[in-house]
Number of protein chains: 2
Amino acid sequence: MNAPTRIDTTRTIRAPRGTELSCKSWLSEAAFRMLQNNLDPEVAENPAELVVYGGIGRAARNWECFDAILRSLRELNDDETLLIQSGKPVGIFPTHADAPRVLLANSNLVPAWSTWEHFNELDRKGLMMYGQMTAGSWIYIGSQGIVQGTYETFVELGRQHYGGSLRGKWILTAGLGGMGGAQPLAASLAGACSLNIECQQSRIDFRLKTRYVDEQAHDLDDALARIAKYTAAGEAKSIALLGNAADVLPELVRRGVRPDAVTDQTSAHDPVNGYLPSGWTVEQWLQRRVSDAQGTRDAAKRSMKVHVEAMLAFHAQGIPTFDYGNNIRQMAKDEGCSNAFDFPGFVPAFVRPLFCRGIGPFRWVALSGDPEDIYKTDAKVKELIPDDAHLHNWLDMARSRISFQGLPARICWVGLGLRHKLGLAFNEMVRNGELKAPVVIGRDHLDSGSVASPNRETEAMRDGSDAVSDWPLLNALLNTAGGATWVSLHHGGGVGMGYSQHSGVVIVCDGSEAADRRLARVLWNDPGTGVMRHADAGYEIAQDCAREQGLKLPML
Amino acid sequence: MNAPTRIDTTRTIRAPRGTELSCKSWLSEAAFRMLQNNLDPEVAENPAELVVYGGIGRAARNWECFDAILRSLRELNDDETLLIQSGKPVGIFPTHADAPRVLLANSNLVPAWSTWEHFNELDRKGLMMYGQMTAGSWIYIGSQGIVQGTYETFVELGRQHYGGSLRGKWILTAGLGGMGGAQPLAASLAGACSLNIECQQSRIDFRLKTRYVDEQAHDLDDALARIAKYTAAGEAKSIALLGNAADVLPELVRRGVRPDAVTDQTSAHDPVNGYLPSGWTVEQWLQRRVSDAQGTRDAAKRSMKVHVEAMLAFHAQGIPTFDYGNNIRQMAKDEGCSNAFDFPGFVPAFVRPLFCRGIGPFRWVALSGDPEDIYKTDAKVKELIPDDAHLHNWLDMARSRISFQGLPARICWVGLGLRHKLGLAFNEMVRNGELKAPVVIGRDHLDSGSVASPNRETEAMRDGSDAVSDWPLLNALLNTAGGATWVSLHHGGGVGMGYSQHSGVVIVCDGSEAADRRLARVLWNDPGTGVMRHADAGYEIAQDCAREQGLKLPML
Ligand SMILES: NC(=O)c1ccc[n+]([C@@H]2O[C@H](COP(=O)([O-])OP(=O)(O)OC[C@H]3O[C@@H](n4cnc5c(N)ncnc54)[C@H](O)[C@@H]3O)[C@@H](O)[C@H]2O)c1
Ligand SMILES: NC(=O)c1ccc[n+]([C@@H]2O[C@H](COP(=O)([O-])OP(=O)(O)OC[C@H]3O[C@@H](n4cnc5c(N)ncnc54)[C@H](O)[C@@H]3O)[C@@H](O)[C@H]2O)c1
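Reading guide: rules and limits
- As a convention, each chain's residues are numbered from 1 in the sequence order in which they are written.
- Chain letters and ligand numbers both follow the written order, the letters beginning at A and the numbers at 1.
- Only residues with pLDDT of 70 or above have their local features reported here, since the model is predicted, and side-chain atom pairs are shown and tallied only from 80 upward, although totals for entire chains, interfaces and linings are computed over all residues.
- Working from all heavy atoms in the structure, the side-chain values ignore hydrogens and water.
- Secondary structure elements follow DSSP: runs of H or I of four or more residues count as helices, runs of E of two or more count as strands, with numbering from the N terminus.
- Each radius of gyration reported is based on C-alpha atoms, and the globular scaling rule is 2.2 Å times the count of residues to the power 0.38.
- Summary of the burial criterion: residues with accessible area below 20% of their type's maximum are buried, those above 50% are exposed, and those between are partly exposed, where the area comes from a 1.4 Å probe applied to protein chains only.
- Contacts are residue-level and defined by heavy atoms, with any inter-residue pair within 4.5 Å sufficient.
- Surface accessibility in these figures is a Shrake-Rupley result with a 1.4 Å probe; residues are shielded only by whichever protein chains are displayed.
- In summary, the charge assignment counts Lys and Arg as positive and Asp and Glu as negative, without counting His or the chain termini.
- To locate a charge, take NZ of a lysine, CZ of an arginine, CG of an aspartate or CD of a glutamate.
- Take the number of residues in a helix, subtract one, and multiply by 1.5 Å to get its expected span.
- Polar contact is the term for a pair of N or O atoms within 3.5 Å; when the atoms are in protein, one must be able to donate a hydrogen and the other to accept it, and sequence-neighboring residues count only if both atoms are side-chain atoms.
- Pairs were defined over the aromatic rings of Phe, Tyr and Trp, the Trp ring being its six-membered one, requiring ring centres within 6.5 Å. Orientation was assigned from the angle between planes: stacked under 30 degrees, edge-to-face over 60, tilted for the rest.
- Lysine NZ or arginine CZ positioned within 6 Å of the ring centre and within 35 degrees of the ring normal marks a charge as sitting over the ring.
- Throughout, the accessible surface (probe 1.4 Å) given up by two parts as they are put together, summed over both, is called the buried area.
- Think of a salt bridge as a Lys or Arg side-chain nitrogen and an Asp or Glu carboxyl oxygen that are within 4 Å of each other.
- Three residue categories are used. Nonpolar comprises Ala, Val, Leu, Ile, Met, Phe, Trp, Tyr, Cys and Pro, charged comprises Asp, Glu, Lys and Arg, and polar comprises the others, including Gly.
- A pair of strands is labelled paired if DSSP reports no fewer than 2 bridges between them.
- Interaxial angle, 0 to 180 degrees, is taken between N-to-C directions of lines fitted to C-alpha atoms, where a helix line uses only the stretch in contact.
- Angle categories are assigned with fixed cut-offs, so that under 35 degrees is roughly parallel, over 145 is roughly antiparallel, 65 to 115 is roughly perpendicular, and the rest are oblique.
- In this scheme the crossing of two helices becomes right-handed for a clockwise turn of the near helix relative to the far one and left-handed for an anticlockwise turn of less than a right angle.
- A least-squares superposition brings the copies together, and it is based on the C-alpha atoms of residues with pLDDT no lower than 70 in both.
- UniProt positions are given in the numbering used here, feature names are shortened, and annotations may be inferred rather than shown by experiment.
- The nearness test applies per residue and asks whether one of its heavy atoms lies within 4 Å of the molecule or strand.

1. A word on the overall build of chain A
Within chain A, the secondary structure is distributed over 18 helices and 16 strands. The C-alpha atoms of chain A give 22 Å as radius of gyration, which agrees with the globular expectation for 556 residues (24 Å, within 12%). Oriented by its inertia axes, the alpha-carbon framework of chain A measures out at about 65 × 60 × 45 Å. Considering chain A as a whole, with its 556 residues, one finds that 70% of them fall into the buried category. Sequence-distant contacts, at least 24 apart, represent 70% of the contacts inside chain A between residues at least 6 apart. Carbon and sulfur atoms form 48% of the exposed surface of chain A, whose accessible area is close to 16,700 Å². Between the mean site of the 57 positive side-chain charges and the mean site of the 65 negative ones, chain A shows a separation of 1 Å.

This is how it looks when you write it as structure tokens:
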């Protein structure tokens, strides 16, 4: 057997557009296009290695697996289901029309073996891949996917700490990768300036090109001067700075500089591949993480400790400081920083009240490839949710400020009761020809009912059930039962091996009446499990929401 | 809120029999009956505490949850699905006729928190229960469930080590609980004598009463005398001995006694509740595991080390010695016994070749309660599989030697290609009235495609993928997609918290044509995932089986 191809720089992947099918139906076609869309150079961070985002989050295990998946999807019948095990197509089994066309399980390890060391060993042997959240489940849509979440978080920060306005304020953060690259734009949309530290010039260039960041500073002094100028003028500008966060943050503490908020989105969850150790060049890093993974990890974790200590210093000054879901506190704690968890994660700080109502990063993609299809759905959302000014504002800003990457897509945080209404309306638009082709609807695994991640989404749950992962497993089983088009179960997304279990779901609006029935079920059930999970944990908002919406919770 | 009721000694649970329904269809009725059957005093080890078998393996979290589950099942419509989270009914959601009626997730924890300590804390708070394998997934059928597996294992041991016959040989083991209690009978059926050490007289009494064990010895000398007599006479008799394995095994080593095989089925996987420390009375144990869980655990693990050292001594003498799936080697290793894994687990030693063909503990239960229904299915199995003398022999012995516990049931190790044929035949027998009522078909989680458990079912996989749990997750998702009646995902069964992930499946033959279609899919797919998993790991038997059976494996 030949060694599998992990890198191929010769290929350029882009999803087919239009209405001609490569597969036997729109259900398998949707998976076929979305897998390829995940690897579109406009979308993926490192498509030659099949890496989509979030460190080494892959869409397929290797290029042979990628080709075999496409081949399997082309041949798949509408009463069959394709199984994907960590990015490899392993089986096709008889099911039925209302069953998912694809079921995926990525990066799952028996708990006592759930470490990066064991995972990396299996990865090297070609037995596994890291699926992150939407990379391995084929519903990543570029940085836009995270923009609204980040925007909602910053807006909520403004509400809680600055009387509802971030005008004249500035946010200090790091990491301009697939997810982190959304931060400068989200800050601008929320009305704040931002200073964004990133150690790779290529990443800064990419964010400048896609208009996610406004300008790059020459050095720290220049950056601070720009921040001072724009905050004084009340202009919401984003500044990128090339540098290492583990150096820049302590320097800012030493200088007595006071940002108005502090966070971080380097890929700290993956200490071998995700975080540049202080004092290393990027070139050294790229080599040594292969030749000396352990040494790289140790150096990265030492730097993360320094980084977190600086964040703790800001926190101690009363500056709103929060972990943005990359598990950097845990890494610092492992290194002996015992008070690393003194500052909170962003979910308990800002997002949980939304999760209690099933509100989370709902998204959809136009398989036609035509931006007009998205604009028409934007209008439909406004029509169906007429009195939500905040949402309308988001849609307007998104349209004017966010470049599409790959297939045109939109994200909107909506919850139980609204998601299935939107899904049914989009399906109707496909049926009556308003849209040029079907639409797929999905969400992040970071959502209300789909994840157990005690250092992030389920941090500090009221009843102490942070680590109970029955919930995301039930979510995946129920979405499979309801007839989603593909369903995935992953481990280790966001916060790394050992720290999370989560599930993904995607469902296709192909305009059929069968799809109406599936959409009505799946887009009700999926946020419903989130409300259920939070109601069970004792959150009154969720209990009230369950009662209002008529959710059947036998022991509430 | 009142504290939930964990113990109720006033209630006696027994499944309804006959054809009158308490629920709206046979699908929900089947779950309704099987949950109650799991707690039938004939079936469960400790029904007052809802404990079915395997240490603290429960059928429901507490009595309020138990009642709420029954209530929910009574009201459940055939286009709805009930969700069970660690033994609590948490939601009812719209699905469709071909979807499972119940989906269960029990004892699942995010890996970094997957310890008995954290589990026990959640259990005490009323947030979790331990589902073991078939306890929390409502398809435990008493010790018979394990008899054939144990029988197959002992027969294979005889083939490998004693030229195909165990006549005149004797097996040394311990533990006469829910599972372990099958050992003496299985040994007898396989032609061997057995010495079975058990520390609780009540457990010995129960096995004597159900004819699983033949006689009890007064003391060790008496036991050895009986063994000597029966082995000399070539009579396959089973002897129980009241005592602590951690004392008796070392004593046998000291005396130079040589059994012909050595194993163990105490509940070593749960060091707080499952293993009596040496020198303690059972009464002290019952108290101290509540008042001093840590001290109990530590004492139990110290005794397990002594126990395993004695097993290693037998192993060193060339006596076939194997771990019978209770994780006792890991416990001894934790205590510093570095060579604990010198003797193998029973799966790589004896069972894997069967798993490669999808062969495992297939079972079915007559919901009528009428033993005749089982006898008719026995005859049908012989008719459909006419040329398997070993299987016919098993069915004859099972009928003459195995008492039914609770609803009449049968177990038969069969694999891919046969399971769905049997299922369809049983469904036909329900349809044409040959059977008095529907039958449920299920299996243990210990099966070919349903479990990742590196110290047991997936020990020493050829490609090193022991800890990859994508496989059981895909199994559960696919069985959900195929239309099983209930599907479960558990963690920690058999070997305890942190060491396994596994899934269960049950499907009802209600005589309908819709059930034909579901049975054809589910009972093909379920063993199919086992063949797929072993083919992917490089086992030629599995690859050949996949080709012969026409399994669609895209990259084989
Ligand atoms: N909170 C959320 O909503 C959310 C969602 C998804 C992901 N995340 C987490 O955010 C993190 C970032 O995700 P991503 O997709 O952007 O990852 P990514 O790997 O694409 O980007 C990380 C970026 O950080 C930069 N970086 C690494 N070390 C640095 C250092 N010492 N100083 C400055 N820059 C450094 C890298 O060059 C890279 O551009 C991950 O840990 C991810 O799990 C959070
Ligand atoms: N290999 C398999 O096929 C398989 C299947 C299921 C379960 N198991 C494992 O086998 C073990 C037993 O399962 P079970 O359902 O019988 O559990 P159980 O808890 O019902 O029975 C365990 C028995 O061991 C006895 N015991 C405990 N400590 C002892 C000691 N020191 N000396 C003598 N006897 C002692 C207990 O009194 C009890 O009767 C579990 O660890 C289970 O996970 C194996």
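2. Concerning helix α17 (residues 513-536) of chain B
Residues and elements named next belong to chain B. Under the 1.5 Å per step criterion, the end-to-end length of α17 is 34 Å for 24 residues, consistent within 8% with the ideal 34 Å. Burial of α17 is extensive: 19 of the 24 residues sit out of reach of the surface. N-capping of α17 is provided by S512, with a side-chain oxygen placed 3.0 Å from the backbone N of A515. Immediately downstream of α17, the backbone of G538 shows phi near 100°, a positive value.

3. Structural notes on the packing of aromatic side chains
Residue and element names in this part refer to chain A. Applying the stated rule across the entire model yields 32 aromatic pairs over all chains. Arranged with centres 4.3 Å apart and planes meeting at 5°, the rings of Y53 and Y140 form a pair that is stacked. Of the two residues, Y53 sits in strand β1 (residues 51-53) while Y140 sits in the loop between α3 (116-124) and α4 (144-161), which places them 87 residues apart along the sequence. Accessibility assignment for this pair places Y53 and Y140 in one class, buried. A ring pair is formed by W138 and W486, whose centres lie 6.4 Å apart and whose planes are at 55°; its orientation type is tilted. Linking W138 in the loop between α3 and α4 with W486 in strand β15 (residues 486-491), this pair joins segments that are 348 residues apart in sequence. Across this residue pair, the class does not change: W138 and W486 are buried. Three or more aromatic residues link up through ring pairs in this structure, and these residues are F154, F322, Y324, F346 and F350. Cation over ring: R399 sits above Y375, and NZ or CZ is 3.6 Å from the ring centre.

4. Considering the interface of chain B and chain A
A common way to state how big an interface is: give the accessible area lost once the parts meet. If you look at the interface, chain B gives 78 residues, while chain A gives 79 residues. For the pair chain B and chain A, the two sides together bury roughly 6,100 Å², of which 70% comes from carbon and sulfur. In terms of surface lost to chain A, no three residues of chain B exceed F93, L477 and M555 of chain B, which account for 11% of the buried area on that side. For the pair chain B and chain A, the interface holds four salt bridges. Here E80 of chain B and K552 of chain A are joined by a salt bridge, their closest N and O atoms 2.6 Å apart. Counting across the interface, chain B meets chain A through 26 residue pairs in polar contact (both at pLDDT 80 or more). Looking at the side of chain B that touches chain A, the elements that each hand over two or more residues are α2 (63-75), β3 (80-85), β4 (88-94), β5 (102-106), α3 (116-124), α16 (470-482), β15 (486-491) and α17 of chain B. Counting residues per element, the side of chain B that touches chain A draws most heavily on α16 of chain B, which supplies ten residues. Residue classes in the side of chain B that touches chain A are distributed as 43 nonpolar, 25 polar and ten charged.

5. Concerning the sheet that holds strand β10 (residues 261-262) of chain B
Strand pairing in a sheet relies on backbone hydrogen bonds. The paired strands run either parallel or antiparallel. All names here are of chain B. An order of β8-β9-β7-β6-β10 is seen for the five strands of this open sheet, with the pairing classed as parallel. A single partner strand is all that each edge strand has here, and the edge strands are β8 (215-216) and β10. In the sheet, strand β6 (residues 170-174) pairs with strand β7 (residues 193-198) via five bridges, with the strands oriented parallel. Looking across to β7, one finds that W170 is bridged to C193. Strands in contact with helix α5 (residues 182-189) are β6, β7 and β9 (238-242); relative to β7, the strand with the most contacts, it is inclined by about 175°.

6. Some remarks on the packing of α4 of chain A against helix α5 (residues 182-189) of chain A
Residues and elements named next belong to chain A. The geometry of α4 relative to α5 is characterised by a closest axis approach of 8 Å and an angle of 50° between their N-to-C directions. Taken together, the axis directions place α4 and α5 in an arrangement best described as oblique. Remark: the crossing between α4 and α5 carries right-handed chirality. Residues I146, V147, T150, Y151 and F154 of α4 form the contact with α5, whose participating residues are A182, Q183, L185, A186, A187 and L189. Of the residues in the contact of α4 with α5, the class split is nine nonpolar, two polar and no charged.

7. What about the relation of the copies chain B and chain A?
Each copy superposes on the other: chain B lies on chain A with an RMSD of 0.0 Å after a rotation of 180° and an axial shift of 0.0 Å. Between the two chains, the operation in question is that of a two-fold axis. Closest to the rotation axis within chain B is the C-alpha of P111 of chain B, separated from it by 2.1 Å. In this assembly, 100% of the residues forming the interface of chain B have copies in chain A that are likewise at the interface, indicating an isologous arrangement.

8. Quick look at the UniProt feature "domain: Urocanase C-terminal" (unreviewed entry) in chain A
Within this structure's numbering, the places UniProt gives as "domain: Urocanase C-terminal" (unreviewed entry) are residues 353-547 of chain A. From the first C-alpha to the last, residues 353-547 of chain A spans 16 Å; its make-up is 45% helix and 18% strand.

9. Here we look at unusual backbone geometry
All names here are of chain B. Positive phi, normally seen in glycine, also occurs at S107, with a value near 70°. Structurally, the position occupied by S107 is in the loop between β5 and α3. With relative accessibility at 0%, the residue S107 sits in the buried group. At W138, a residue that is not glycine, the phi angle is positive and equals roughly 60°. Take W138: its relative accessible area is 0%, and that puts it in the buried class.

10. Re the site of ligand 2
Residue and element names in this part refer to chain B. Around ligand 2, the structure places 33 residues, and the nearest of them are E198, S267, H269, Y324 and G494. Q200 has a polar side-chain atom sitting 3.0 Å from an oxygen atom of ligand 2. Between N244 and ligand 2, the recorded distance is 2.9 Å, taken from a side-chain N or O atom to a nitrogen atom. For ligand 2, whose free accessible area comes to 850 Å², the fraction covered by protein is 97%. Residue composition of the shell around ligand 2, by class: eleven nonpolar, 18 polar and four charged.

11. Observations regarding the pairing of β5 of chain B
All names here are of chain B. Burial runs high along β5: five of the five residues are buried. Because side chains alternate across β5, one face comprises the buried residues V102, L104 and N106, and the other comprises L103 and A105, equally buried. In the sheet, β3 pairs with β5 via four bridges, with the strands oriented parallel. Across the sheet, residue L82 finds its bridge partner in β5, namely V102. One ladder, built from five bridges, connects β5 with β15; its direction is parallel. Bridge pairing in β15 links L103 to V487.

12. Some details on the environment of G91 of chain A
With respect to the helices and strands, G91 of chain A occurs in strand β4 (residues 88-94). Along the backbone, G91 of chain A and K382 of chain A are 291 residues apart, and their C-alpha atoms lie at a distance of 42 Å. Every residue in contact with G91 of chain A, bar those within four places of it in the chain, is listed here: T81, L82 and L83 of chain A together with M532, K552, L553 and P554 of chain B.

13. Regarding the site of ligand 1
Residues and elements named next belong to chain A. Lining the immediate environment of ligand 1, one finds 33 residues, of which G180, E198, S267, H269 and G494 sit closest. H269 is positioned such that a nitrogen or oxygen atom in its side chain is 2.7 Å from an oxygen atom of ligand 1. The separation between a nitrogen atom of ligand 1 and a polar main-chain atom of Y324 is 2.9 Å. Surface burial for ligand 1 is 97%, taken as the share of its 860 Å² of free accessible area covered by protein chains. Of the residues belonging to the shell around ligand 1, the class tally is twelve nonpolar, 18 polar and three charged.

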